[in-house]
Amino acid sequence: MIFRQLVDSRSGALGYLLGDPIGQEAVVIDAAHGLADEYRRLLHHHGLALRYLAETHLHADHLSAAPALREATGARLVAGEGGGWACSDLALRHGDLLHFGEETLEVLHVPGHTPCSVAFRWRDRVFTGDSLLPGALGCPEGPGGDAGTLCASARNVLLGLPGEILVFPGRLRNGRRVTTIAEERETNPDLAAGVQCAQAVRRRCGQATAAQESDVMINNRQCAADRSGLDRLRPPEA
Ligand SMILES: [Fe+2]
C-alpha cells in the first residue's frame, strides 16, 4: 500500500493519499488547496490514477483542492449526504464502500462537527476529519453543527471501532497528527466517564463555534476554489 499524510502549513489541515500499487489507483482525502501540486507529484511518481477525492466534511478553515484535482484528473468528488458539498459527484451514506484498485474504503456517518461529516475507514486506520482529534473533539462548525450530535457520533460510531485502529485526524492538534481509538477511549477529556460531553465541547470551543457559514465554506460548497496553475493530469480512458 501507499500512504502519505500531508500537512497544510497555513491552516494546519491534514490530508491523505491512499494508493494501491497493484491496481494503480488512489484516493485522496481532504486535500488542501495549497497542496494540489504535491498530490499531483505523488500520483505521478507512484503511477497512480486518482479514483476519488473524498471529503470528510465541508471545511470552514481552508479551501479544498478537490475541485481543481477533479478537473485535472477526472476523479469523482465524494462527500457525505446532507447538502454540504453541492458540487459533489456522489453523496455518501453510512456503510457505503469506495473501491480503488483492490482496496476498499468504508464510509461512516458521524454528524455533529457538521451535519454531513463522515469518516473513512481503511485497513487498520480511520480518517476522522475534524470530528475526533488527538485529545479532543472538534468544535462544531457552521449551520447544523451540534456538540451533542458530535458526542453521540464519537461515542456510538468512532469509539466502537477496535482499539488498535489508528486515528488520522483532519488537522494538527497540539502538534499531534495521529492517535488510536484505545488512547482516545482512555484519555480524551471530552469523552471521559462522568463528563457531560456536549457541555465540555461547548465550554472549550466557545467563540470558535461559528453558527454562520464562512466564505471558505461557501466556496468549498460550490467548488469555486481558484483552479489556476494546475496542469492537466487526466488518466487515460479505461
Ligand atoms: Fe472542520
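Residues numbered from 1 in each chain as written. Predicted model: local features only at pLDDT ≥ 70, side-chain atom pairs only at ≥ 80, totals over all residues.

Helix and strand content of the chain: 6 helices and 14 strands. For 238 residues, the compact-globule formula gives about 18 Å, and the C-alpha radius of gyration of the chain, at 17 Å, lands near that figure. Reported as C-alpha extents along the three principal axes, the dimensions of the chain are approximately 55 × 35 × 30 Å. Within the span of the chain, comprising 238 residues, buried residues form 47% of the whole. Within the chain, residue pairs in contact and separated by at least 24 positions form 63% of the contacts whose partners lie at least 6 positions apart. (Helix = DSSP H or I, 4+ residues; strand = E, 2+ residues; numbered from the N terminus. Rg over C-alpha atoms; globule rule 2.2 N^0.38 Å. Buried ≥ 20, exposed ≤ 12 C-beta atoms within 10 Å, placed from the backbone. Contact = placed C-beta atoms within 7 Å.)

A separate point is the pairing of strand β4 (residues 49–55). The element β4 is largely enclosed, with a buried count of 7 among its 7 residues. Strand direction decides the pairing type here: strand β3 (residues 25–29) and β4, joined by 5 bridges, are parallel. Residue pairing in the sheet places alanine 26 in a bridge with leucine 50 of β4. Remark: the β3/helix α1 (residues 36–46)/β4 crossover connection has right-handed handedness. Examined bridge by bridge, β4 and strand β5 (residues 76–80) share 4 bridges and lie parallel to one another. Bridge assignment links tyrosine 52 to a residue of β5, and that residue is arginine 76. (Pairing = 2+ DSSP bridges. Right-handed = clockwise from strand over helix to strand, strands pointing away.)

Bringing the nonpolar core into the picture now. Taken as a class, soluble globular proteins show a tendency for nonpolar side chains to be buried jointly. Ala26, Val27, Val28, Ala31, Leu69 and Phe120 are the most contacted members of the largest nonpolar core, which has 62 residues in total. When residues no more than four places from it in sequence are discounted, the contact partners of alanine 31 are Gly15, Ala36, Tyr39, Leu53, Ser64, Ala65, Ala66 and Leu69. (Core = buried A, V, L, I, M, F, W, Y, C linked by C-beta atoms within 7 Å.)

As a further point, take the sheet that holds strand β14 (residues 179–180). Read from one edge of the open sheet, 6 strands run β7-β8-β9-β10-β13-β14, paired in mixed fashion. Sheet topology places β7 (97–100) and β14 at the edges, where each strand pairs with a single neighbour. Relative to strand β13 (residues 166–169), strand β10 (residues 125–129) runs parallel, the two sharing 4 bridges. If you follow valine 126 over to β13, its bridge partner there is valine 167.

Orientation of helix α3 (residues 147–158) relative to helix α5 (residues 197–205), taken along the N-to-C sense of each, is 125 degrees, at an axis distance of 8 Å. With respect to α5, the element α3 is oriented oblique. When the axes of α3 and α5 are compared, the crossing they make is right-handed. Facing Ala147, Gly148, Leu150 and Cys151 of α3, the residues of α5 in contact are Cys197, Ala198, Val201 and Arg202. (Axes fitted to C-alpha atoms, helices over the stretch in contact; angles between N-to-C directions. Parallel < 35°, antiparallel > 145°, perpendicular 65-115°, else oblique. Left-handed = near helix turned anticlockwise from the far one by under 90°.)

What follows concerns the environment of serine 153. Counting through the fold element by element, serine 153 comes out in helix α3. Taking the C-alpha atoms as reference points, serine 153 and leucine 14, separated by 139 residues in sequence, lie 21 Å from one another. Apart from the residues within four sequence positions on either side, serine 153 is in contact with Val110, Pro111, Gly112, Ser131 and Leu158.

Should pLDDT be low for a region, the predicted coordinates there are not to be read in detail. The pLDDT averaged across the chain works out to 91; a share of 92% of its residues lies at or above 70. Segment residues 227–238 is flagged for pLDDT under 50; beyond a separation of four residues in sequence, or across chains, it makes 18 contacts in the model. (pLDDT = per-residue confidence, 0-100.)

Take the pairing of β7 next. Moving residue by residue along a regular strand, the side chains alternate between the two faces of the sheet. By the alternation rule, side chains of β7 split into Leu98 and Phe100, which are all buried, and Leu97 and His99, of which none is buried. Where β7 and strand β8 (residues 103–109) come together, 4 bridges link them in antiparallel fashion. Bridge assignment links leucine 98 to a residue of β8, and that residue is leucine 105.

With that out of the way, let us pick up unusual backbone geometry. For arginine 123, which is not a glycine, the phi torsion comes out positive at approximately 55 degrees. Assignment of secondary structure puts arginine 123 in the loop between β9 (118–122) and β10. Its identity as a non-glycine residue notwithstanding, asparagine 174 has a phi of 55 degrees, on the positive side. Residue placement: asparagine 174 occurs in the loop between β13 and β14.

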